[in-house]
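Examining the three-dimensional arrangement
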Amino acid sequence: MKNIILIAVFAFSLNVSAQIILEQTYDSASTIAGSINGGILSQLMIVNFEVSGERYVKINRLGENISVYDMNHALLKTISLANLPLNGGGKIGDILYLSEQLFDTDSGLEFMYPIQLLGANFYTGIYNEDGSLIFSDSCAPVIKVNTPQQQYPIYNTLQGTIMIFSCPNFQAKVYRLPGTLSAGIEQANGQLMQMQNGQFSNLYPNPSNGSVTLQYELPKGEKDGELILYNMQGAEVKRYKVDNTFKDILLDNTQLPAGTYFYQLQTSKGSVGTKKMVVVK
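Here goes a summary of the coordinates provided.

What counts and what doesn't
Residues numbered from 1 in each chain as written. Predicted model: local features only at pLDDT ≥ 70, side-chain atom pairs only at ≥ 80, totals over all residues. Heavy atoms only, no water. Helix = DSSP H or I, 4+ residues; strand = E, 2+ residues; numbered from the N terminus. Buried < 20%, exposed > 50% of the residue type's maximum accessible area, 1.4 Å probe, protein only. Contact = heavy atoms within 4.5 Å. Areas by Shrake-Rupley, 256 points an atom, 1.4 Å probe, with all protein chains shown as cover. Phe/Tyr/Trp six-rings, centres within 6.5 Å; stacked < 30°, edge-to-face > 60°. Pairing = 2+ DSSP bridges. Axes fitted to C-alpha atoms, helices over the stretch in contact; angles between N-to-C directions. Core = buried A, V, L, I, M, F, W, Y, C linked by side-chain atoms within 4.5 Å. Disulfide = S-S within 2.5 Å. Polar contact = N/O pair within 3.5 Å; in protein donor to acceptor, adjacent residues only side chain to side chain.

1. Some remarks on the overall build of the protein
If you tally the helices and strands in the protein, you get two helices and 18 strands. Each of the 281 residues in the protein was classed as buried or not, and the buried ones make up 39%. Of the contacts formed within the protein by residues at least 6 apart in sequence, a portion of 43% connects residues at least 24 apart. Put simply, the protein shows about 16000 Å² of open surface, and 54% of that area lies on carbon and sulfur atoms.

Next comes the structure, spelled out in structure tokens:
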């Protein structure tokens, strides 16, 4: 009898510790509640912004607004979508690349808004949270989902952040952006290298005026490689040997001039992963 009681108490304690608790319910936020011309009526997501960090973001196309909440579910701001141009079906289109410092360098939110108009015409606008237009084009961030190298229209490169648009006249336009695609957005896009390809996981402190620690992961099957530092002009500045003995390396940047640099991991399989580093004085 004592054994039965002990088992029952143990099972009850396991059940209590493993509870899943409903924390919050958001209205007008369900992705599966309906669709607009193949799109989504509403969305609730977590966005890791460059400055303010993690936030709940609700996109409500029927209500024509974006709501931003802190991680305790308190409403921080509401952004109106009422003045955006509508797609060919007379509805609000997709809201992409919600960010704080990708398309400009102020403290407000901005986003990309691509739509297809009537016929084969396209429109892509980039808007501030106050509704002001930062940029517009008659081309669009069209991608090929079955081509891994062309799955996303924005890339961090050694020469800066690049945006590629496709146009109905068979041209492609390449734009340079003032900001950097944040790690949070890269991860959401699936652009961060997976373990089998090698990756950088963190660089801290960044910005820095001295030494920094860079965490890395070599591709599977690789025993060693090199970390190469480039300046904004793409010129090599330093080179470090790395292997599987450690998972991080201490980099001395005290002799570097102030500016923006990029680290790249290279192995026998090629170049994998790029990390931005800022040196301040």
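2. Some details on the packing of aromatic side chains
Applying the stated criterion across every chain, the model contains eight aromatic pairs. Relative to Tyr-127, the ring of Tyr-113 lies with its centre 6.4 Å away and its plane at 75°, an arrangement referred to as edge-to-face. Taken as a pair, Tyr-113 in strand 6 (residues 110–116) and Tyr-127 in strand 7 (residues 122–128) lie far apart in primary sequence, 14 residues in all. On the basis of relative accessibility, which here comes to 0%, the residue Tyr-113 falls in the buried class. Judged by relative accessible area, Tyr-127 falls into the buried class, the value being 7%.

3. Some remarks on the sheet that holds strand 8 (residues 133–137)
Sheet strands pair via backbone hydrogen bonds, and the direction of the pair is either parallel or antiparallel. Taken together, four strands build an open sheet; the order of strands is 5-6-7-8 and the sheet is antiparallel. The open sheet has two edge strands with one neighbour each: strand 5 (96–99) and strand 8. Taking each pair of neighbouring strands and ignoring which way they run, the sheet shows an average axis angle of 15°. Here strand 7 runs beside strand 8; their pairing, made up of four bridges, is antiparallel. Across the sheet, the residue bridging to Tyr-127 is Leu-133, located in strand 8.

4. Remarks on the nonpolar core
Counting 18 residues, the largest nonpolar core has Ile-66, Ile-95, Leu-98, Phe-111 and Tyr-113 as its most contacted members. Elements represented by at least two residues in this core include exactly strand 1 (42–49), strand 2 (53–60), strand 3 (65–69), strand 6 and strand 7. Listed in part, the 17 residues of the second largest apolar core include Leu-203, Tyr-216, Leu-227 and Leu-251.

5. Quick word on the state of the cysteines
Following the criterion strictly, the structure yields one disulfide and no others. Covalent S-S linkage joins Cys-139 and Cys-167, the inter-sulfur distance amounting to 2.0 Å. Here the disulfide of Cys-139 and Cys-167 is right-handed, its torsion about the S-S bond being about 105°. Taken together, the residues span a long stretch of sequence, with Cys-139 in the loop between strand 8 and strand 9 (154–157) and Cys-167 in the loop between strand 10 (160–166) and strand 11 (172–177) at a distance of 28 residues. The burial state of Cys-139 is the same as that of Cys-167; both residues are buried.

6. Describing the side chain of Thr-161
Along the chain, the position of Thr-161 falls in strand 10. On the accessibility criterion, Thr-161 (3% relative accessible area) is buried. A polar atom in the side chain of Thr-161 sits 3.1 Å from the side chain of Asn-156. Excluding anything up to four places from it in sequence, Thr-161 contacts Leu-102, Ile-154, Tyr-155, Asn-156, Tyr-175, Arg-176, Leu-177, Gly-179, Thr-180 and Leu-181.

7. Topic: the sheet that holds strand 1
With antiparallel pairing, four strands are arranged side by side in an open sheet as 1-2-3-4. Whereas interior strands pair on both sides, the edge strands pair on one side only; in this sheet they are strand 1 and strand 4 (75–80). Taken over all neighbouring pairs, the strand axes of this sheet differ in orientation by 20° on average, direction set aside. Pairing between strand 1 and strand 2: eight bridges, direction antiparallel. Directly across from Gln-43, in strand 2, lies its bridge partner Ile-59.

Nothing here speaks to function; it is geometry throughout.
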